[in-house]
Structures are given as C-alpha cells and as structure tokens.
Amino acid sequence: MSRPRIVVLVSGSGSNLQALLDASTGRHPEIELAADIAAVVSNVAGAYGLERAQRAGVATAVLEHGTFSSRESFDTALLSTVSSYSADLVILAGFMRILSPVFVQAFYGKLMNIHPSLLPKYPGLHTHERALQAGDKMHGASVHFVTEELDGGPVIVQASIPIVTNDTADRLAQRVLKLEHQIYPLAAHWFATGRLELAAEGALLDGKALPAGGVNYNEWQVAAGGRR
Ligand code: GRF
C-alpha cells in the first residue's frame, strides 16, 4: 500500500518541516513518520523552508499572497495547488497566513497546525512574551486540528516545559521549538496510520475522545517507554 501524502505549508525557517522530513526518512532521532512529504508550498519566495525541501528532493511551489487581489483568491489558488499534490494531510508549519473558510472546509479533518503555547492559552502572536509577562510556571506547544476559529481547533497533543528564573522570550522559544520537533511528527504519524481523526466530539485517538489539552506528551513519553 502506498504511504499517505503530506503537503506542508511554510512561510519561514521551516525547522518543523525539517523534523517532518527527517521523521519520514528515518533520520529523526526519536519519531518515525509513516508518510511521504509530497510537496512544500510557501507564500514567501525566499523562505528557507523551500531550500530545505529542495535539498530533500521534495517538490516546491510558491504562491506570493501579495500578487493576489483578495484573501479568497489567494486561498482558492492555494487550494488548487495543494490539491494538485493529492494531499491526504495538510500541515501548517509556521505558515503565517490566516486561511479563509473555503480552504479550511476543503481540508476539514485533514488540516493541522502547531502553535507555540499551551492552548487555549495565548492564541495569536508573541506567545513566549505573553507567558513570561503572565508569570506562568509552565509553557509549551500544541498541535491541533484547524477549524475556522484561529488557533482554536481540537488539540491533539501538547508538550510542556517549566519557565525558569531569568528566562527570556528567545530562550523559551528555543526550548519550545525542540518540543515542537517531537510532537509534530508524532501527531502526523498517528494521522498517517489511521489512529487519529477529527469527529463531531473533537479529536479521537484510537477511537477515544481526547481531553481538552489533547495527549499530554510528557506523560505519554514515560508511558510509551521508548515505544512509538
Ligand atoms: C513555530 O514556533 C510554530 O509553532 C509557529 O511558527 C514557528 C515556525 O517555526 N507556528 P519553523 O519555521 O518551523 O522553524
């Protein structure tokens, strides 16, 4: 049987894309991803993520949003580009555009995002600064299904780390990014192997509804004992 096909959307550095590429080719130190990265699409011509894709021999496409007359016309073109790669799963990895309902509906249940906060805390931008300012003790990252609510779809998996004395937004961002590189390939693997789905009651893993925060990755790691 052929492996599921993933299309990844990026706007920037693409370190999450790299983790997915590594996991799909047996190069990730911990996570295996039983799917192929079929293509990488960006709205930014010079995005480093495109270079990572090309280096891995993965097809790329660029659709510069500034050249479209409206959000809807951009999203319609994006929809047709992504569809042309026969995507089973679409992954937003640092894709800095809000998608309109036409796109979200077309890939409903097959569209994931990663967000650098413990959702539902801090949807939107500047999450590390906001966690520091609030005096939070814990911070982290969440993978979630995308719905029409910004950063508001059902959470699949969440990983957390403590905020330590004298932490800065940059240091925190770096530590959170490391977690992102673990949980994104893992969520994609669950989806690719048919274990994960979006149902009316929310995200289901192995047919069971996940709690509001999704799988707790810290606990999962201990329970899995190295088994994926
Ligand atoms: C990550 O922090 C991700 O959570 C957010 O954008 C950043 C993308 O980083 N949505 P990269 O491009 O994957 O390095």
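Figured I'd write up the structure that's included with this text. No experiment lies behind these values; they were computed from the predicted model shown. (Residues numbered from 1 in each chain as written. Predicted model: local features only at pLDDT ≥ 70, side-chain atom pairs only at ≥ 80, totals over all residues. Heavy atoms only, no water.)

1. A look at the environment of Val102
Here is step 1 of the chain: Following the sequence through the fold, Val102 ends up in helix α4 (residues 101–106).
Here is step 2 of the chain: For the pair Val102 and Lys208, spaced 106 residues apart in the sequence, the C-alpha separation amounts to 29 Å.
Here is step 3 of the chain: When neighbours within four sequence positions are excluded, Val102 is seen to be in contact with Asp75 and Leu79. (Helix = DSSP H or I, 4+ residues; strand = E, 2+ residues; numbered from the N terminus. Contact = heavy atoms within 4.5 Å.)

2. Regarding the nonpolar core
Here is step 1 of the chain: If you look at the biggest cluster of nonpolar residues, it comprises 50 residues, and the most contacted ones within it are Val8, Ile37, Met112 and Ile156.
Here is step 2 of the chain: Ranked by residue count, the leading element in this core is helix α6 (residues 169–192), at eleven residues.
Here is step 3 of the chain: Leaving out residues up to four positions away in the same chain, Val8 has contacts with Leu17, Leu20, Ile37, Ala39, Val40, Val41, Ile91 and Ala93.
Here is step 4 of the chain: Grouped together as the second largest cluster of nonpolar side chains are 22 residues, Ala61, Leu63, Val82 and Leu99 included. (Core = buried A, V, L, I, M, F, W, Y, C linked by side-chain atoms within 4.5 Å. Buried < 20%, exposed > 50% of the residue type's maximum accessible area, 1.4 Å probe, protein only.)

3. Structural notes on the site of the ligand
Here is step 1 of the chain: Taken together, Ser13, Gly14, Ser15, Asn16, Gly94, Ile114, Pro116, Leu177 and Glu180 make up the full set of residues near the ligand.
Here is step 2 of the chain: Here Gly14 contributes a backbone N or O atom positioned 2.8 Å from an oxygen atom of the ligand.
Here is step 3 of the chain: When isolated, the ligand has an accessible area of 360 Å², and the protein chains bury 81% of it.
Here is step 4 of the chain: When grouped by side-chain class, the residues that make up the shell around the ligand number three nonpolar, five polar and one charged. (Near = heavy atom within 4 Å. Polar contact = N/O pair within 3.5 Å; in protein donor to acceptor, adjacent residues only side chain to side chain. Areas by Shrake-Rupley, 256 points an atom, 1.4 Å probe, with all protein chains shown as cover. Nonpolar A, V, L, I, M, F, W, Y, C, P; charged D, E, K, R; others polar.)

4. Description of the pairing of strand β1 (residues 5–10)
Here is step 1 of the chain: Most of β1 is tucked away, with five of its six residues classed as buried.
Here is step 2 of the chain: Examined bridge by bridge, β1 and strand β2 (residues 36–42) share six bridges and lie parallel to one another. Bridged to Val10 within β2 is Ser42.
Here is step 3 of the chain: Each parallel crossover has a hand, and for β1 linked through helix α1 (residues 15–24) to β2 it is right-handed.
Here is step 4 of the chain: Relative to strand β4 (residues 89–92), β1 is paired through four bridges, and the arrangement is parallel. Note that in β4 the partner of Val8 across the bridge is Ile91. (Pairing = 2+ DSSP bridges. Right-handed = clockwise from strand over helix to strand, strands pointing away.)

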